[in-house]
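# A structural walkthrough
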Amino acid sequence: MEKIKQQNKEILARFAEQKASIHRLWNIEEESAHLLFMLVLIRQAKYIVEIGTSNGYSTFWLAAAAERTGGTVHTIEVDDQRFNLAKANLKNMENIRQYNAKAEDILADFAAGIDFLFIDAGKPGYREYLALLEAKLTPGAVVIADNICSHPETTAPYRKYIENNTAFYSQVIHLNAGLQLAFFRRR
Ligand SMILES: C[S@@+](CC[C@H](N)C(=O)[O-])C[C@H]1O[C@@H](n2cnc3c(N)ncnc32)[C@H](O)[C@@H]1O
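Residues numbered from 1 in each chain as written. Predicted model: local features only at pLDDT ≥ 70, side-chain atom pairs only at ≥ 80, totals over all residues. Heavy atoms only, no water.

### A closer look at the overall build of the protein chain
- Looking only at helices and strands, the protein chain features eight helices and seven strands.
- For a compact globule of 187 residues, the expected C-alpha radius of gyration is about 16 Å, and the protein chain comes in at 15 Å, within 12% of that figure.
- Reported as C-alpha extents along the three principal axes, the dimensions of the protein chain are approximately 45 × 35 × 30 Å.
- Taken across its 187 residues, the protein chain has 52% of its residues classed as buried.
- Within the protein chain, contacts between residues at least 6 apart in sequence are counted, and of these 70% link residues at least 24 apart.
- On the protein chain, roughly 9,100 Å² of surface is accessible, and the fraction owed to carbon and sulfur atoms is 52%.
- With 22 positive and 22 negative side-chain charges, the protein chain shows a separation of 5 Å between the mean positions of the two kinds. (Helix = DSSP H or I, 4+ residues; strand = E, 2+ residues; numbered from the N terminus. Rg over C-alpha atoms; globule rule 2.2 N^0.38 Å. Buried < 20%, exposed > 50% of the residue type's maximum accessible area, 1.4 Å probe, protein only. Contact = heavy atoms within 4.5 Å. Areas by Shrake-Rupley, 256 points an atom, 1.4 Å probe, with all protein chains shown as cover. Lys, Arg positive; Asp, Glu negative; His and termini not counted. Charge placed at Lys NZ, Arg CZ, Asp CG, Glu CD.)

### Quick word on the pattern of salt bridges
- Across all of its chains, the model carries eight salt bridges by this definition.
- Among the ionic pairs, Glu29 bridges to Lys19, the shortest N-O distance being 3.5 Å. Within this pair, whereas Glu29 is found in the loop between helix H2 (9-21) and helix H3 (30-43), its partner Lys19 is found in helix H2, the two being separated by 10 residues in sequence.
- Look at Glu29 and you get partly exposed, because its relative accessible area is 36%.
- Overall, Lys19 belongs to the partly exposed group, its relative accessible area being 41%. (Salt bridge = Lys/Arg side-chain N within 4 Å of Asp/Glu carboxyl O.)

### Section: helix H5 (residues 80-89)
- Among all positions of H5, only Arg82, Phe83, Ala86 and Asn89 are buried. For H5, the arc enclosing every buried residue in end-on projection is 125°, short of the 170-degree limit, so these residues lie on one face.
- In this structure, the buried side of H5 is in contact with H2, strand S2 (72-77) and strand S3 (96-100).
- Backbone nitrogen of Gln81 and a side-chain oxygen of the N-cap are separated by 3.2 Å at the start of H5; the cap is Asp79. (Arc of directions from axis to C-beta. Polar contact = N/O pair within 3.5 Å; in protein donor to acceptor, adjacent residues only side chain to side chain.)

### With respect to the sheet that holds strand S4 (residues 114-119)
- Strand order in the open sheet formed by seven strands is S3-S2-S1-S4-S5-S7-S6, and the pairing between neighbours is mixed. A single partner strand is all that each edge strand has here, and the edge strands are S3 and strand S6 (168-173). Shown here is a sheet whose adjacent strand axes are inclined to one another by a mean of 15°, direction ignored.
- Here strand S1 (residues 47-51) pairs with S4 via four bridges, running parallel. Counted as the bridge partner of Glu50 is Phe118 from S4.
- Set on the sheet, H5 makes contact with S2 and S3; between it and S3 the angle comes to about 160°.
- Across the sheet, helix H8 (residues 152-163) lies against S4, strand S5 (137-145), S6 and strand S7 (179-184), angled at about 135° from S6, the strand it touches most. (Pairing = 2+ DSSP bridges. Axes fitted to C-alpha atoms, helices over the stretch in contact; angles between N-to-C directions.)

### A word on the site of the ligand
- Taken together, 23 residues form the shell around the ligand, and within it Asn27, Gly52, Ser58, Glu77 and Arg82 come nearest.
- Asn27 places a side-chain nitrogen or oxygen 2.8 Å from an oxygen atom of the ligand.
- In this structure, a nitrogen atom belonging to the ligand sits 2.9 Å away from a side-chain N or O atom of Glu104.
- Protein contacts shield 92% of the accessible area of the ligand, which totals 600 Å² for the unbound molecule.
- Elements with a minimum of two residues in the shell around the ligand: helix H4 (57-69), S2 and helix H6 (103-106). (Near = heavy atom within 4 Å.)

Dropping the structure here:
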(Lines give C-alpha, C1' and ligand atoms only; values in the text may rest on other atoms or scores of the structure.)
Protein backbone atom coordinates (compact mmCIF):
# COMPACT_ATOMS: atom_id res chain seq x y z
CA MET A 1 0.00 0.00 0.00
CA GLU A 2 3.01 2.25 0.51
CA LYS A 3 3.42 2.68 -3.25
CA ILE A 4 -0.16 3.93 -3.65
CA LYS A 5 0.28 6.27 -0.69
CA GLN A 6 3.50 7.65 -2.16
CA GLN A 7 1.86 8.26 -5.55
CA ASN A 8 -1.11 10.02 -3.97
CA LYS A 9 0.62 11.88 -1.17
CA GLU A 10 -1.06 15.20 -1.87
CA ILE A 11 -4.67 14.00 -1.87
CA LEU A 12 -4.11 11.72 1.13
CA ALA A 13 -2.60 14.63 3.04
CA ARG A 14 -5.71 16.67 2.21
CA PHE A 15 -7.98 13.89 3.52
CA ALA A 16 -5.92 13.71 6.74
CA GLU A 17 -6.15 17.46 7.17
CA GLN A 18 -9.94 17.46 6.61
CA LYS A 19 -10.44 14.55 9.00
CA ALA A 20 -8.62 16.52 11.70
CA SER A 21 -10.37 19.83 11.08
CA ILE A 22 -13.93 19.07 9.91
CA HIS A 23 -16.53 17.45 12.14
CA ARG A 24 -18.85 14.71 10.99
CA LEU A 25 -16.97 13.28 8.03
CA TRP A 26 -17.08 9.80 9.56
CA ASN A 27 -14.36 8.45 7.23
CA ILE A 28 -13.49 4.78 7.48
CA GLU A 29 -10.11 4.01 9.01
CA GLU A 30 -7.05 3.47 6.85
CA GLU A 31 -6.96 -0.33 7.34
CA SER A 32 -10.57 -0.63 6.22
CA ALA A 33 -9.80 1.54 3.17
CA HIS A 34 -6.87 -0.73 2.27
CA LEU A 35 -9.13 -3.74 2.60
CA LEU A 36 -11.64 -2.19 0.17
CA PHE A 37 -8.81 -1.44 -2.24
CA MET A 38 -7.65 -5.05 -2.20
CA LEU A 39 -11.15 -6.50 -2.47
CA VAL A 40 -11.83 -4.48 -5.63
CA LEU A 41 -8.61 -5.87 -7.10
CA ILE A 42 -9.34 -9.45 -6.00
CA ARG A 43 -12.85 -9.26 -7.47
CA GLN A 44 -11.52 -7.36 -10.51
CA ALA A 45 -14.63 -5.25 -10.03
CA LYS A 46 -15.73 -2.91 -12.79
CA TYR A 47 -19.12 -1.60 -11.68
CA ILE A 48 -18.70 -0.39 -8.14
CA VAL A 49 -21.41 1.29 -6.09
CA GLU A 50 -20.77 3.16 -2.85
CA ILE A 51 -23.57 4.46 -0.64
CA GLY A 52 -22.22 7.24 1.60
CA THR A 53 -19.46 9.31 -0.03
CA SER A 54 -18.85 11.90 2.72
CA ASN A 55 -15.80 13.89 1.51
CA GLY A 56 -14.65 11.03 -0.72
CA TYR A 57 -12.00 9.24 1.35
CA SER A 58 -13.29 5.69 0.83
CA THR A 59 -14.29 6.67 -2.72
CA PHE A 60 -10.67 7.58 -3.40
CA TRP A 61 -9.47 4.09 -2.38
CA LEU A 62 -12.21 2.33 -4.34
CA ALA A 63 -11.40 4.44 -7.41
CA ALA A 64 -7.64 3.90 -7.04
CA ALA A 65 -8.29 0.16 -7.25
CA ALA A 66 -10.83 0.63 -10.04
CA GLU A 67 -8.18 2.44 -12.11
CA ARG A 68 -6.35 -0.88 -12.11
CA THR A 69 -9.41 -2.98 -13.06
CA GLY A 70 -10.83 -0.60 -15.69
CA GLY A 71 -13.76 0.05 -13.38
CA THR A 72 -15.96 2.98 -12.39
CA VAL A 73 -17.17 3.99 -8.94
CA HIS A 74 -20.75 5.28 -8.60
CA THR A 75 -21.02 7.02 -5.24
CA ILE A 76 -24.02 8.64 -3.55
CA GLU A 77 -24.09 11.40 -0.93
CA VAL A 78 -27.20 13.18 0.36
CA ASP A 79 -25.47 16.05 2.16
CA ASP A 80 -24.68 19.00 -0.16
CA GLN A 81 -21.58 20.19 1.70
CA ARG A 82 -19.94 16.78 1.88
CA PHE A 83 -20.92 16.09 -1.73
CA ASN A 84 -19.18 19.30 -2.87
CA LEU A 85 -16.14 18.64 -0.73
CA ALA A 86 -15.83 15.20 -2.32
CA LYS A 87 -16.25 16.73 -5.78
CA ALA A 88 -13.30 19.04 -5.15
CA ASN A 89 -11.20 16.31 -3.54
CA LEU A 90 -11.78 13.82 -6.36
CA LYS A 91 -11.69 16.20 -9.32
CA ASN A 92 -8.61 14.60 -10.85
CA MET A 93 -10.01 11.07 -10.86
CA GLU A 94 -11.84 10.21 -14.05
CA ASN A 95 -13.48 6.95 -13.05
CA ILE A 96 -15.94 8.34 -10.48
CA ARG A 97 -19.61 9.30 -10.96
CA GLN A 98 -20.97 11.26 -8.02
CA TYR A 99 -24.67 11.54 -7.20
CA ASN A 100 -25.99 14.20 -4.82
CA ALA A 101 -29.13 12.41 -3.66
CA LYS A 102 -30.79 10.28 -1.06
CA ALA A 103 -29.79 6.74 -2.05
CA GLU A 104 -33.31 5.37 -1.61
CA ASP A 105 -34.54 7.83 -4.26
CA ILE A 106 -32.16 6.85 -7.04
CA LEU A 107 -31.02 3.24 -6.54
CA ALA A 108 -33.97 1.88 -8.51
CA ASP A 109 -32.57 3.70 -11.56
CA PHE A 110 -29.15 2.04 -11.38
CA ALA A 111 -28.39 -0.46 -14.13
CA ALA A 112 -27.87 -4.14 -13.36
CA GLY A 113 -24.40 -5.72 -13.32
CA ILE A 114 -23.04 -4.39 -10.01
CA ASP A 115 -20.03 -6.44 -8.97
CA PHE A 116 -18.99 -4.48 -5.88
CA LEU A 117 -21.20 -2.71 -3.35
CA PHE A 118 -19.92 -0.75 -0.36
CA ILE A 119 -22.57 0.40 2.13
CA ASP A 120 -21.59 3.18 4.56
CA ALA A 121 -24.52 5.61 4.85
CA GLY A 122 -27.53 5.93 7.21
CA LYS A 123 -27.45 2.75 9.32
CA PRO A 124 -31.24 2.20 9.47
CA GLY A 125 -31.25 2.32 5.65
CA TYR A 126 -28.84 -0.56 5.02
CA ARG A 127 -31.57 -3.15 4.57
CA GLU A 128 -33.47 -0.95 2.11
CA TYR A 129 -30.36 -0.09 0.06
CA LEU A 130 -29.70 -3.79 -0.40
CA ALA A 131 -33.34 -4.52 -1.21
CA LEU A 132 -33.15 -1.94 -4.00
CA LEU A 133 -29.93 -3.37 -5.44
CA GLU A 134 -29.96 -7.12 -4.79
CA ALA A 135 -31.53 -8.00 -8.14
CA LYS A 136 -28.79 -5.95 -9.85
CA LEU A 137 -25.85 -7.85 -8.33
CA THR A 138 -23.85 -10.16 -10.54
CA PRO A 139 -23.09 -13.69 -9.28
CA GLY A 140 -19.79 -13.37 -7.42
CA ALA A 141 -20.42 -9.76 -6.40
CA VAL A 142 -18.80 -8.48 -3.21
CA VAL A 143 -21.09 -6.67 -0.79
CA ILE A 144 -19.42 -5.00 2.17
CA ALA A 145 -21.00 -2.86 4.88
CA ASP A 146 -19.30 -0.77 7.57
CA ASN A 147 -20.35 -0.08 11.19
CA ILE A 148 -21.72 -3.56 11.79
CA CYS A 149 -20.02 -3.72 15.21
CA SER A 150 -20.17 -0.03 16.13
CA HIS A 151 -23.94 0.12 15.41
CA PRO A 152 -25.12 -3.44 16.13
CA GLU A 153 -28.78 -2.63 16.76
CA THR A 154 -29.43 -0.39 13.78
CA THR A 155 -27.54 -2.61 11.36
CA ALA A 156 -29.04 -5.88 12.73
CA PRO A 157 -31.88 -6.22 10.18
CA TYR A 158 -29.32 -5.93 7.37
CA ARG A 159 -26.80 -8.27 8.99
CA LYS A 160 -29.41 -10.91 9.79
CA TYR A 161 -30.91 -10.72 6.32
CA ILE A 162 -27.52 -11.47 4.75
CA GLU A 163 -26.69 -14.18 7.29
CA ASN A 164 -30.00 -15.97 6.80
CA ASN A 165 -30.02 -15.71 3.02
CA THR A 166 -28.64 -18.71 1.14
CA ALA A 167 -27.72 -16.45 -1.79
CA PHE A 168 -24.83 -15.05 0.29
CA TYR A 169 -21.76 -16.34 2.10
CA SER A 170 -20.76 -13.80 4.75
CA GLN A 171 -18.41 -13.06 7.59
CA VAL A 172 -18.16 -10.15 10.03
CA ILE A 173 -14.65 -8.75 10.14
CA HIS A 174 -13.78 -7.21 13.50
CA LEU A 175 -11.67 -4.43 12.06
CA ASN A 176 -12.26 -0.84 13.21
CA ALA A 177 -16.06 -0.21 13.19
CA GLY A 178 -16.65 -3.79 12.02
CA LEU A 179 -17.36 -4.74 8.43
CA GLN A 180 -19.64 -7.45 7.17
CA LEU A 181 -18.16 -8.96 4.05
CA ALA A 182 -20.52 -10.92 1.83
CA PHE A 183 -20.10 -12.90 -1.37
CA PHE A 184 -23.20 -13.01 -3.54
CA ARG A 185 -23.43 -16.55 -4.93
CA ARG A 186 -26.45 -16.33 -7.16
CA ARG A 187 -29.82 -14.77 -7.76
C1 LIG B 1 -20.08 7.22 7.38
S2 LIG B 1 -20.24 8.55 6.28
C3 LIG B 1 -19.43 7.95 4.83
C4 LIG B 1 -17.94 7.93 4.97
C5 LIG B 1 -17.23 7.56 3.70
N6 LIG B 1 -17.68 6.28 3.18
C7 LIG B 1 -15.75 7.51 3.95
O8 LIG B 1 -15.29 6.52 4.52
O9 LIG B 1 -15.06 8.48 3.63
C10 LIG B 1 -21.91 8.41 5.83
C11 LIG B 1 -22.39 9.41 4.80
O12 LIG B 1 -23.61 8.92 4.26
C13 LIG B 1 -24.45 10.02 4.01
N14 LIG B 1 -25.82 9.52 3.99
C15 LIG B 1 -26.61 9.19 5.07
N16 LIG B 1 -27.79 8.72 4.65
C17 LIG B 1 -27.76 8.74 3.30
C18 LIG B 1 -28.68 8.37 2.29
N19 LIG B 1 -29.87 7.88 2.61
N20 LIG B 1 -28.33 8.52 1.00
C21 LIG B 1 -27.11 9.01 0.67
N22 LIG B 1 -26.19 9.39 1.57
C23 LIG B 1 -26.50 9.24 2.87
C24 LIG B 1 -24.15 10.99 5.15
O25 LIG B 1 -24.52 12.31 4.80
C26 LIG B 1 -22.67 10.80 5.37
O27 LIG B 1 -21.90 11.75 4.68
